[in-house]
Amino acid sequence: SAPELQEQPKKIAVVGAGIGGAATAYYLRQEFGPGVKIDVFEDGSVGGRLATVKIGDYEYETGGSVIHPLNLHMKHFVDKLGIPQRKDVPSKMAIFDGKHILFEESDWFIVNFFCMLWRYGLNFLRMQMWVETVLDKFMRIYQYQQFGYSFSTVERLLHAMGGDSFLTLMNQTLEEAMMGEGFSQVFINDIVAPITRVNYGQSVRINGFVGAVSLAGADSGLWAVDGGNKKVCSGLLYNSKSELIPARVTSISVKVRPSKRGTPVSLYEINYVDQSGAAHSLYDIVIVATPLHRGKSDVTFSGFSPPIPSHYPGHYHQTVATLVHGLLNVSYLGTTEAASEFTVSDVLTTDSNGSIINSLSSLDPVHIPKGYKRPPASQANVWKVFSKKPLSQEQLENMFLSYDSVSETKWLAYPAYHPPHRKTPPFILHNRLYYLNAVEWAASAMEMSAIAARNVALLAHHHWHEQKSKIDQEDLHTRLRGEL
Ligand SMILES: Cc1cc2nc3c(=O)[nH]c(=O)nc-3n(C[C@H](O)[C@H](O)[C@H](O)COP(=O)(O)OP(=O)(O)OC[C@H]3O[C@@H](n4cnc5c(N)ncnc54)[C@H](O)[C@@H]3O)c2cc1C
Ligand SMILES: CC(C)=CCC/C(C)=C/CC/C(C)=C/CSC[C@H](N)C(=O)O
């Protein structure tokens, strides 16, 4: 049983200080009040997959970079922390098939509109409507969480948002889902695949749910955090008055201890290694906020029945982010345009012709200085290349006429999505031991980790106070209709 059920927990541990772990600390403080001690263990840097590198005088995002205007938790965090949004710099997109530019956005909306209408009929408009329908259902989670409802599995959470239609999306490829909706194969190849390639480094055979999230990631109005997205993580840790413990958690075990009331209580022992060696601490509640997958973390669990694996099935997809400060070789893109006329900022790629790159984007610093204008391709600039494998020197020399700085980050970025999906790992690993990153098997994005953070904080609270009526309730959409 939980220790002294009517009291608040004394100590809670969070493993990982990415956006998931930091948001968990924030919501735990909200749920359990000022008395509980919250320790956040971090093996690397606060921010995790939200990270920046310095090139010249400026910092640039190498990991998670864009946030959707309807990502309400991320919006709430920046508002609460008083961090401004980064100023918007207009962008222009082109699609490269590995040999030539297939399509280049014009500066004129009307030109783009008719060009798309001519090439793809109503597919473009219908895609926007399809994504909007998915987003409308997705937004229901905010109301459920506002009312304190939580879910024990990713499948139940998805079902509460979108009913069977979301579970179907999880079991279909994006291509199957879109073909089923009547989208044309040529539109899927030319437009949809480049978007899944830039966002998830994978083809249109990812699951339909993450596919819809990926298409939302190509909406207008995307934003980022001034000074770098990782500032939200340090801000949330500070705001939640958590203690950051710079250490690697090696194992978590369950220990039974006698209590003042005489009934034995179970506590979790966290073993960790920091600069001064190995140590351990006991906690009432533990939240694991890092993926339990090979190459991502190596936490072992002992004393649990049934056993908890260190690594769940499935693997994370590698995306290499290479930031280059240099002069782009526009002829690499098969264009005859003069570099001074080439104002495209985002080059997406199709699956055909085996393009070695997933995307090539002109990058703005995390803080836009006054009077900043993105330089044309005829001037040296910072470019971000996403690719599956690291780029060789020869490949870089083909892409750039000259360059003076290269920074490479090899990310195990997000799950490799292969529908039909196997059962996702649970949010609840043991009585008071929770796992946030299960959510990434639906879709990996900052907001998804923030939603899972609030969910696990609510689960922890409801289990502690034995409020079963707030867990896995059916038909919430109908029951909460009419509520604010
Ligand atoms: C290249 C790239 C681009 C992306 N672009 C976007 C985007 O534009 N928009 C978007 O919304 N999302 C984007 N994402 C996805 C987004 O970054 C992630 O979904 C999100 O950051 C995951 O956050 P998290 O806290 O759940 O996990 P993580 O950020 O991975 O945090 C886990 C933390 O746990 C720590 N840790 C691991 N093991 C241990 C241990 N044993 N002990 C202690 N600490 C440990 C790690 O060091 C890490 O800091 C992108 C991801 C990548 C890689
Ligand atoms: C969760 C919801 C409803 C919306 C999130 C939409 C979103 C921002 C998706 C992007 C996800 C992602 C993994 C993007 C990676 S690359 C981003 C950008 N194009 C870049 O080049 O850095």
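Bear in mind that the values here come from a model prediction, so they are computed numbers and not experimental data.

**Some details on the site of ligand 2**
Consideration 1: The environment of ligand 2 is made up of 14 residues, and the closest members are S65, V66, N71, N199 and K384.
Consideration 2: Here S65 contributes a side-chain N or O atom positioned 2.6 Å from an oxygen atom of ligand 2.
Consideration 3: Between ligand 2 and the protein, one listed contact pairs a nitrogen atom with a side-chain N or O atom of N199 at 3.2 Å.
Consideration 4: Relative to its unbound accessible surface of 610 Å², ligand 2 loses 89% to contact with the protein.
Consideration 5: Listing elements by their share of the shell around ligand 2, those giving two or more residues are helix 4 (123-138), helix 8 (185-200) and strand 16 (381-387).
Consideration 6: The class makeup of the residues in the shell around ligand 2 is seven nonpolar, six polar and one charged.

**Some details on the nonpolar core**
Consideration 1: Counting residues in each nonpolar core, the largest one holds 123 residues, and the members touching the most others are F77, W130, M178, F209, I252, I270 and F301.
Consideration 2: No other element matches the eleven residues that helix 12 (residues 446-464) contributes to this core.
Consideration 3: The contact partners of M178, leaving out residues within four places of it in the chain, are M127, W130, F183, F187, I188, V192 and L215.
Consideration 4: Among the nonpolar cores identified, the runner-up in size contains 18 residues, and F96, V324, L396 and M399 belong to it.

**A word on the site of ligand 1**
Consideration 1: In the neighbourhood of ligand 1, 37 residues make up the surrounding shell, with G20, E42, R49, V66 and S449 lying closest.
Consideration 2: M446 is positioned such that a nitrogen or oxygen atom in its backbone is 2.8 Å from an oxygen atom of ligand 1.
Consideration 3: Listed by contribution, the elements that provide at least two residues to the shell around ligand 1 are helix 1 (19-32), strand 2 (37-42), strand 8 (248-257), strand 17 (400-415) and helix 12.
Consideration 4: A per-class count over the shell around ligand 1 returns 16 nonpolar, 16 polar and five charged.

**Considerations on the pattern of salt bridges**
Consideration 1: Scanning the model with the defined rule gives eight salt bridges in all.
Consideration 2: Residue K10 is joined to E7 by a salt bridge in which the shortest nitrogen-to-oxygen separation is 3.1 Å.
Consideration 3: Taking the relative accessible area as the measure of exposure, K10 reaches 51% and is therefore exposed.
Consideration 4: A relative accessible area of 33% means that E7 is categorised as partly exposed.
Consideration 5: Residue D79 pairs with K75 through a salt bridge whose shortest N-O separation is 3.0 Å. Taken together, the positions of D79 and K75, both in helix 2 (residues 72-81) and four residues apart, correspond to about one turn of that helix.
Consideration 6: Connected through shared salt-bridge partners, K37, D39 and E243 make up one network.

**Observations regarding the sheet that holds strand 17**
Consideration 1: Taken in spatial order, the seven strands of this open sheet run 6-5-14-15-16-13-17, and their pairing is mixed. Each edge of the open sheet is held by one strand with a lone partner, namely strand 6 (101-104) and strand 17. Going from strand to strand, the sheet's axes swing by 20 degrees on average, the running direction of each strand aside.
Consideration 2: When strand 14 (residues 346-349) meets strand 15 (residues 357-362), the two strands line up antiparallel, connected through three bridges. Along strand 15, the bridge assignment pairs D346 with S361.
Consideration 3: Here helix 8 sits on the sheet and contacts strand 5 (93-96), strand 6, strand 13 (316-328), strand 14, strand 15, strand 16 and strand 17; the angle it forms with strand 14, its principal contact strand, is near 110 degrees.

**So, helix 6 (residues 154-171)**
Consideration 1: With 18 residues, helix 6 extends just 13 Å between its outermost C-alpha atoms, more than 12% less than the 26 Å of an ideal straight helix rising 1.5 Å per residue.
Consideration 2: Those residues of helix 6 that sit buried are V154, E155, L157, L158, A160, M161, G162, F166, L169 and M170.
Consideration 3: Residues of helix 6 that are buried in the fold lie against helix 4, helix 5 (140-146), helix 7 (174-180), helix 9 (208-216) and helix 12.

**Digging into the confidence of the model for the chain**
Detail in the predicted coordinates should be disregarded across regions flagged by low pLDDT.
Consideration 1: Confidence in the prediction for the chain averages 94 pLDDT; 99% of positions are at 70 or higher.
Consideration 2: On the interface metric, ipTM, the complex scores 0.99, and its pTM is 0.97.

**Comments concerning the packing of helix 2 against helix 12**
The relative placement of two packed helices is expressed as an angle between their axes plus a distance between the axes.
Consideration 1: The interhelical angle for the contact between helix 2 and helix 12, taken along N-to-C directions, is 85 degrees, at an axis separation of 8 Å. It follows that helix 2 is roughly perpendicular to helix 12 by the angle criterion. Between helix 2, through L72, H73, M74 and F77, and helix 12, the contact on the second element is made entirely by M446, E447, A450, I451 and R454.
Consideration 2: Of the residues assigned to the contact of helix 2 with helix 12, the class counts are six nonpolar, one polar and two charged.

**Brief notes about a nonpolar patch on the surface**
Consideration 1: A cluster of nonpolar side chains, W108, F109, I110, V111, F113, F114, L117, L122 and L125, forms an exposed patch at the surface whose accessible area comes to about 930 Å².
Consideration 2: Within the secondary structure, L122 sits in the loop between helix 3 (109-120) and helix 4.

**Observations concerning the packing of aromatic side chains**
Consideration 1: In total, this model carries 20 aromatic pairs according to the counting rule given.
Consideration 2: An aromatic cluster is built from Y200, Y316, Y414, Y417 and W441, whose rings are joined through pairwise contacts.
Consideration 3: Directly above the aromatic system of Y283 lies the positively charged group of K11, at a separation of 4.5 Å from the ring centroid.
Consideration 4: For the cation-ring pair, K470 lies above Y149, with the distance from its terminal atom to the ring centre recorded as 4.6 Å.

How each quantity is defined
- Residues numbered from 1 in each chain as written.
- Chains lettered and ligands numbered in written order.
- Predicted model: local features only at pLDDT ≥ 70, side-chain atom pairs only at ≥ 80, totals over all residues.
- Heavy atoms only, no water.
- Near = heavy atom within 4 Å.
- Polar contact = N/O pair within 3.5 Å; in protein donor to acceptor, adjacent residues only side chain to side chain.
- Areas by Shrake-Rupley, 256 points an atom, 1.4 Å probe, with all protein chains shown as cover.
- Helix = DSSP H or I, 4+ residues; strand = E, 2+ residues; numbered from the N terminus.
- Nonpolar A, V, L, I, M, F, W, Y, C, P; charged D, E, K, R; others polar.
- Core = buried A, V, L, I, M, F, W, Y, C linked by side-chain atoms within 4.5 Å.
- Buried < 20%, exposed > 50% of the residue type's maximum accessible area, 1.4 Å probe, protein only.
- Contact = heavy atoms within 4.5 Å.
- Salt bridge = Lys/Arg side-chain N within 4 Å of Asp/Glu carboxyl O.
- Pairing = 2+ DSSP bridges.
- Axes fitted to C-alpha atoms, helices over the stretch in contact; angles between N-to-C directions.
- Expected span 1.5 Å × (residues − 1).
- pLDDT = per-residue confidence, 0-100.
- Parallel < 35°, antiparallel > 145°, perpendicular 65-115°, else oblique.
- Patch = residues over 30% accessible without salt bridge, like charges linked within 9 Å, V, L, I, M, F, W, Y side chains within 5 Å.
- Phe/Tyr/Trp six-rings, centres within 6.5 Å; stacked < 30°, edge-to-face > 60°.
- Lys NZ or Arg CZ within 6 Å of the ring centre and 35° of its normal.

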